[in-house]
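In case you want the letters, here they are:
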Amino acid sequence: MTLAQRELAERTDPVDRLQILIKLVLTEFSFQRGAGASVAAMLPPEDRAAFFEHVAPLAALVGDLLEDGMNEGVFVRADTATTGQLIMACLETQRTALLAGDKVHAAVQRTLPFLMRALGVPEERWAGDS
């Protein structure tokens, strides 16, 4: 979170800020080691939520970025909490591949276009940045 706050501090464009956060999260996933990710996948939903409470600050940051983008009209208006959960879920799908040695750049290329399109961001605003 410290790195994310530092990297986002002087940026104002919601698209840019969300892209940076997506890349930071996927990079962080690539550095993680241990059984945590596989254990979480086996937990029932109610226990999984408690297991992932440590990501609450990240989820809040995603929500803030979404709200900023929606207020500026660069993201389609939608329920911020649900949209944030879906973004977090999309990022989470890349964890296993990254832990297995997949390149961060490849995960970004799979994930970022999908998320930007889902948020209604015109391709010229993000293409080439992934």
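Because the structure is a prediction, the values reported are computed rather than measured.

Chemist: Would you mind going over helix H2 (residues 14–31) with me for this structure?
Modeler: Within an α-helix, residues lying three or four positions from one another point in the same direction, as the helix has 3.6 residues per turn. Taking 1.5 Å per residue as the helical rise, H2 with its 18 residues ought to reach 26 Å, and the 26 Å between its terminal C-alpha atoms agrees with that figure. For H2, the full list of buried residues reads Pro14, Val15, Arg17, Leu18, Gln19, Ile20, Leu21, Ile22, Val25, Leu26, Phe29 and Ser30. Where the residues of H2 are buried, they touch helix H1 (2–8), helix H5 (56–72), helix H6 (80–92), helix H7 (95–99), helix H8 (104–118) and helix H9 (123–126).

Chemist: Looking at this model, I keep getting lost on the confidence of the model for the chain. Mind explaining?
Modeler: Taken over all residues, the pLDDT of the chain has a mean of 86, while the share at 70 or more is 85%. Mean pLDDT across the elements of the chain ranges from a minimum in helix H3 (residues 36–42), with 59, to a maximum in H8, with 96.

Chemist: Explain the packing of aromatic side chains to me, please; I cannot follow it from the model alone.
Modeler: By convention here, two paired aromatic rings are described through the distance between centres and the angle between planes. Within this structure, the stated rule accounts for zero aromatic pairs. Directly above the aromatic system of Phe29 lies the positively charged group of Arg95, at a separation of 3.9 Å from the ring centroid.

Chemist: Sorry, what's going on with the environment of Gly84 here?
Modeler: Position of Gly84 relative to the elements: it lies in helix H6. Taking the C-alpha atoms as reference, Gly84 lies 5.9 Å from Val62; in sequence the two are 22 residues apart. For Gly84, the residues in contact, after removing those within four places along its chain, are Val62 and Leu66.

Chemist: Whenever I open this one, the environment of Val74 confuses me. Can you help?
Modeler: Topologically, Val74 is positioned in the loop between H5 and H6. The exposure class of Val74 is buried, given its relative accessible area of 15%. Between the alpha carbons of Val74 and Asp13 there is a distance of 9.2 Å; along the sequence they are 61 residues apart.

Chemist: In this structure, what is going on with the side chain of Ser30? I would like to understand it.
Modeler: Mapped onto the elements of the fold, Ser30 is located in helix H2. The exposure class assigned to Ser30 is buried, which follows from its relative accessible area of 12%. In contact with Ser30, other than residues within four places in its own chain, are Leu98 and Val104.

Chemist: Can you help me understand the pattern of salt bridges in this one?
Modeler: Side chains carrying opposite charge are able to pair once their charged atoms draw close together. With the rule as written, the count across this model stands at six salt bridges. Taking the shortest distance from any N to any O, the salt bridge between Arg125 and Asp13 comes out at 2.4 Å. You can see Arg125 sitting in helix H9 and its partner Asp13 sitting in the loop between H1 and H2, a full 112 residues away along the chain. Judged by relative accessible area, which is 27%, Asp13 ranks as partly exposed. A salt bridge links Glu67 to Arg77, with the nearest nitrogen and oxygen atoms 3.3 Å apart. Placement of the pair is Glu67 in helix H5 and Arg77 in the loop between H5 and H6, with a sequence separation of ten residues.

Rules and cut-offs
- Throughout, a residue's number is its position along its own chain's written sequence, starting from 1.
- At least 70 in pLDDT is required for a residue's local features to be given in this predicted model, at least 80 for side-chain atom pairs to be given and counted, and no such filter applies to totals for whole chains, interfaces and linings, which use all residues.
- Side-chain numbers come from the whole structure's heavy atoms, not from hydrogens or water.
- In this text, helices come from DSSP runs of H or I with a minimum length of four residues, and strands from runs of E with a minimum of two, each type numbered from the N-terminal end.
- Multiplying 1.5 Å by the helix residue count minus one yields the expected span of that helix.
- Exposure classes here rest on a 1.4 Å probe applied to the protein chains alone. A residue is buried below 20% of its type maximum, exposed above 50%, and partly exposed in between.
- Two residues form a contact once any of their heavy atoms are found within 4.5 Å.
- A score from 0 to 100, pLDDT tells how confident the predictor is in each residue.
- When two rings of Phe, Tyr or Trp (its six-membered ring) have centres within 6.5 Å they constitute a pair, described as stacked for plane angles under 30 degrees, edge-to-face for angles over 60, and tilted for the intermediate range.
- Charge over a ring is defined by NZ of Lys or CZ of Arg lying within 6 Å of the ring centre and within 35 degrees of the ring normal.
- The rule for a salt bridge is simple: a side-chain nitrogen of Lys or Arg has to be within 4 Å of a carboxyl oxygen of Asp or Glu.

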